[in-house]
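# Remarks on the overall topology
Here are the chains, one letter per residue:
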Amino acid sequence: MSALVIAEHDNTSIKSATLNAVTAAQACGGDVHVLVAGQGAAGAADAAARISGVAKVVHADGQSLKDGLAENVAAQVLAIAGGYSHILFPATAMGKSAAPRVAAKLDVCQISDITKVGGPDIFERPIYAGNAIATVQSGDAVKVITVRTTGFDAAVATGGSAVVETVAAVVDGAKSRFVGRELSKSDRPELTAAKIIVSGGRALGSAEKFQEIITPLADKLGAAIGASRAAVDAGYASNDLQVGQTGKIVAPRPYIAAGISGAIQHMAGMKDSKVIVAINKDPEAPIFSIADYGLEADLFQVVPELINAL
Ligand code: FAD
């Protein structure tokens, strides 16, 4: 029995979501191997080999894998899938795009968004926007899994010395074509990997106020910025900052929610945060029910005070 983790990477380094997936793979039992599929990705393969607990890195390097097209990544996984009992993807955009293709081709059920491993064939996953946890048992010979990264601690990125085995890259399936990528540039930590997040809601009232109130607090704390969907829909913040069921799933220490009511769809994305701080002027706001620290106050008054005090 061995598990294959599909690495999320940028060809030179390994993204942190991979480390959480490695921890989930270790819990499945058996050896853990990591597939690094890319082009010019020797740096990422070396980084994967240093992850503690990884026994082998399978490195596929070629033009077909340059842009991470899901069709080609899935084909690469299938090319080496024989012999693995578990194939795990981080539940990121990449993982969620490639995993179903692999599961369908292997004719097995995908087990999505797991947050706990109860045994080699037993997994927990949140359902109903995180309001219930389903325990699922899979009878499939191969388990194709996506891993909710906030459910597992990150494996230690150093200390390992796995062997790196090179395999041939698959031929481009020509089912899709890479057209372009628009990346938002920011000096801030990436939202899903951030250790501190300051998040703003509808209460901010405008993009200008969001910028004026939330940004300086995030700057002081070296935090990433998040937002509720109401704030995003109103144009106060860009939609890549949305936290929640239809946004990003985060688990920082701490998550500071300012002017956010705590709708279940928002909490689905942040309730696993290690420490939750809520600032809201309504004592009945649901966010207080999960907050470790609650400040019942007008955010326009207390956030600037907080910034001055820091
Ligand atoms: P509101 O609910 O309007 O809350 C604003 C809060 O600010 C209130 O609690 C109020 O008391 C407080 N407030 C007002 N003025 C001040 C002040 N001066 N100082 C302090 N506090 C103040 N939402 C998400 O966030 N993420 C998602 O991914 C998401 N996905 C969804 C998916 C579906 C299918 C659906 C139906 C909804 C989804 N939503 C999501 C929307 C969600 O239901 C809520 O509408 C949204 O989260 C509300 O955002 P909010 O808390 O900013 O606004």
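Each remark here, short or long, concerns the structure printed above.
Residues numbered from 1 in each chain as written. Predicted model: local features only at pLDDT ≥ 70, side-chain atom pairs only at ≥ 80, totals over all residues. Heavy atoms only, no water.

### Quick look at the overall build of the protein chain
- Assigned secondary structure in the protein chain consists of 8 helices and 15 strands.
- Its C-alpha atoms give the protein chain a radius of gyration of 21 Å, within 12% of the compact-globule value 19 Å for 310 residues.
- Reported as C-alpha extents along the three principal axes, the dimensions of the protein chain are approximately 60 × 40 × 40 Å.
- With 310 residues in all, the protein chain has 49% of them scored as buried.
- Counted over contacts in the protein chain with a minimum sequence separation of 6, partners at least 24 positions apart contribute 64%. (Helix = DSSP H or I, 4+ residues; strand = E, 2+ residues; numbered from the N terminus. Rg over C-alpha atoms; globule rule 2.2 N^0.38 Å. Buried < 20%, exposed > 50% of the residue type's maximum accessible area, 1.4 Å probe, protein only. Contact = heavy atoms within 4.5 Å.)

### Points about the packing of helix α5 (residues 207–221) against helix α8 (residues 299–309)
- In contact at an axis separation of 9 Å, α5 and α8 are set at 30° when each is read in the N-to-C sense. Relative to α8, α5 is oriented roughly parallel. In terms of crossing hand, the pair formed by α5 and α8 is left-handed. In contact with Lys209, Ile213, Pro216, Leu217 and Lys220 of α5, α8 contributes Leu299, Phe300, Val303, Pro304, Leu306 and Ile307.
- Residue composition of the contact of α5 with α8, grouped by class: 9 nonpolar, no polar and 2 charged. (Axes fitted to C-alpha atoms, helices over the stretch in contact; angles between N-to-C directions. Parallel < 35°, antiparallel > 145°, perpendicular 65-115°, else oblique. Left-handed = near helix turned anticlockwise from the far one by under 90°. Nonpolar A, V, L, I, M, F, W, Y, C, P; charged D, E, K, R; others polar.)

### Observations regarding the site of the ligand
- Near the ligand, the surroundings consist of 25 residues, among which Arg202, Ser228, Thr246, Ser261 and Gln265 are the closest.
- Arg202 places a polar side-chain atom, nitrogen or oxygen, 2.6 Å from an oxygen atom of the ligand.
- Between the ligand and Gln265, the relevant distance is 2.8 Å, taken from an oxygen atom to a side-chain nitrogen or oxygen of the residue.
- For the ligand, whose unbound accessible area comes to 990 Å², protein coverage reaches 75%.
- At the level of elements, α6 (229–233), α7 (264–270) and α8 are the ones that each hand at least two residues to the shell around the ligand.
- The class makeup of the residues in the shell around the ligand is 8 nonpolar, 12 polar and 5 charged. (Near = heavy atom within 4 Å. Polar contact = N/O pair within 3.5 Å; in protein donor to acceptor, adjacent residues only side chain to side chain. Areas by Shrake-Rupley, 256 points an atom, 1.4 Å probe, with all protein chains shown as cover.)

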